Amino acid sequence: MYTGKSKIIARYRSYHGSTAGSIAATGDPRRWAMEPGGKGPGILFAPEVHCYKCPIKHTYPGCGIACADYIEHMIRNESDVAAVLVEPIVGTNGVIVPPEEYMPKLRKICDEFGVLLIADEVMTGWGRTGEWFAMNHWGVVPDILVTAKGITSAYVPLGLCATSEKIAEYFQDHYFAHGHTYEAHPLTLAPAVATIREMQRLGLVERARELAPYVEGKLRELKAKHASIGDVRGKGLFWAVDLVKDQTTKEPFNTYSDKVSGKPLLVDQIAAKILADGVTIQAWVSHFVIAPPLIVTKEQIDHGISVLDKHLGLADAAVGQ
């Protein structure tokens, strides 16, 4: 409605939701089951920015951020591109943190071609990465920001779509053909206000930032100890531990095809043993997501990581097989 254009560029390692539109814009295999019906017209997928295992076989920093250049190439050759949709730090698909130059470069490309930049901060928003929103790490302001979950501390479900003033002003004189029965419902907005105030009172955004080096240090100790850990990455209290059969080739224990086919996954077996010891961890294909509550203590971090340490022997035993 705002740009007069129709195409959206998303990235392959992405998850944006399960409604018809958001699953169509999702790059990962959760979209596959919806196809062909769930294939959104005008939605294109670009390579993810993943320096540990670059999908276009480049090496940072000598690459010059080629993954952003590829998106520019797509914009030039597709025409009619309205927006680029990204998770600033990819969530479920591996807590993939872009290099410092990526987001400013992407912002510049979007500005040059009159393309909107949409930040999906459902997982990265509300202090999770040590900033109120992850885009703040790079000093980049998106044109549209969508967020949910942490906005109410999950007491009630609430989603938020925020736009720049420029976009908002456009709809003062143009019909906004969208609405919802429960829009701005007071029972959802009140917990959001309460959550923000509590986060400010407890300094939870600063806490996530301050605990980041501690979590990183503990996870890097794990990596040095376990042959099955290929990579550790993250920001704030948002981390991933990547499991591999071979640290040199970076071959994962399982693939997305394994996940979709229902094949037993090694990470799920390890997660089950961790749960039996009273710790919950997110397992996905061949990595774990480490995302403790922002109120977590160092003692609780120590306990959780020690339980992970205890059961990684399952993966170590399978290395090279």
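This one's a predicted model, so the numbers in the text were calculated from it and none came from an experiment.

Caption draft 1: Summary view of the pairing of strand β2 (residues 43-46). What you see with β2 is no split at all: Ile43 and Phe45 on one side and Leu44 and Ala46 on the other are buried throughout. With 4 bridges joining them, strand β1 (residues 7-11) and β2 adopt parallel strand pairing. Of the residues in β2, the one forming a bridge with Ile9 is Leu44.

Caption draft 2: Focus on the packing of helix α2 (residues 66-78) against helix α3 (residues 102-113). Between α2 and α3, the least distance of the axes is 9 Å, while the angle of their chain directions is 15°. As judged from the angle between their axes, α2 and α3 are roughly parallel. Between α2 and α3 the crossing geometry is right-handed. Contacts from Cys67, Ala68, Asp69, Ile71, Glu72, Ile75 and Arg76 in α2 reach Tyr102, Lys105, Leu106, Ile109, Glu112 and Phe113 in α3. Classifying every residue of the contact of α2 with α3 gives 8 nonpolar, no polar and 5 charged.

Caption draft 3: Seen up close, empty space enclosed by the protein. One pass over the structure, following the stated rule, counts 1 cavity of 30 Å³ or more. Along the wall of the largest cavity there are 15 residues; nearest its centre are Cys51, Cys54, His58, Cys63 and Cys67. Classifying every residue of the lining of the largest cavity by side-chain character gives 11 nonpolar, 3 polar and 1 charged.

Caption draft 4: Region of interest: α2. The first and last C-alpha atoms of α2 sit 18 Å apart over 13 residues, in line with the 18 Å expected at 1.5 Å per residue. For α2, every residue scored as buried is listed here: Ala66, Cys67, Ala68, Ile71, Glu72, Met74 and Ile75. At its buried positions, α2 is contacted by β1, β2, β3 (81-86) and α3. Directly beyond the C-terminal end of α2, a positive phi value near 60° is found at Ser79.

Caption draft 5: Up close: the packing of helix α6 (residues 204-225) against helix α9 (residues 298-311). The contact between α6 and α9 brings their axes to 11 Å, and the two run at 20°. By the angle between their axes, α6 is roughly parallel relative to α9. Seen from above, α6 lies across α9 with right-handed handedness. Listed contacts from α9 to Leu211, Tyr214, Val215, Lys218, Leu219, Leu222 and Lys225 of α6 are Lys298, Ile301, Asp302, Ile305, Leu308 and Asp309. Of the residues assigned to the contact of α6 with α9, the class counts are 8 nonpolar, no polar and 5 charged.

About the thresholds
Residues numbered from 1 in each chain as written. Predicted model: local features only at pLDDT ≥ 70, side-chain atom pairs only at ≥ 80, totals over all residues. Heavy atoms only, no water. Buried < 20%, exposed > 50% of the residue type's maximum accessible area, 1.4 Å probe, protein only. Helix = DSSP H or I, 4+ residues; strand = E, 2+ residues; numbered from the N terminus. Pairing = 2+ DSSP bridges. Axes fitted to C-alpha atoms, helices over the stretch in contact; angles between N-to-C directions. Parallel < 35°, antiparallel > 145°, perpendicular 65-115°, else oblique. Left-handed = near helix turned anticlockwise from the far one by under 90°. Contact = heavy atoms within 4.5 Å. Nonpolar A, V, L, I, M, F, W, Y, C, P; charged D, E, K, R; others polar. 1 Å grid on protein atoms, 1.4 Å probe; cavity = no way out; pocket = protein on both sides within 12 Å on 5 of 7 lines; lining within 4 Å. Points joined across faces, edges and corners; volume = space filled by probe spheres on them. Expected span 1.5 Å × (residues − 1).

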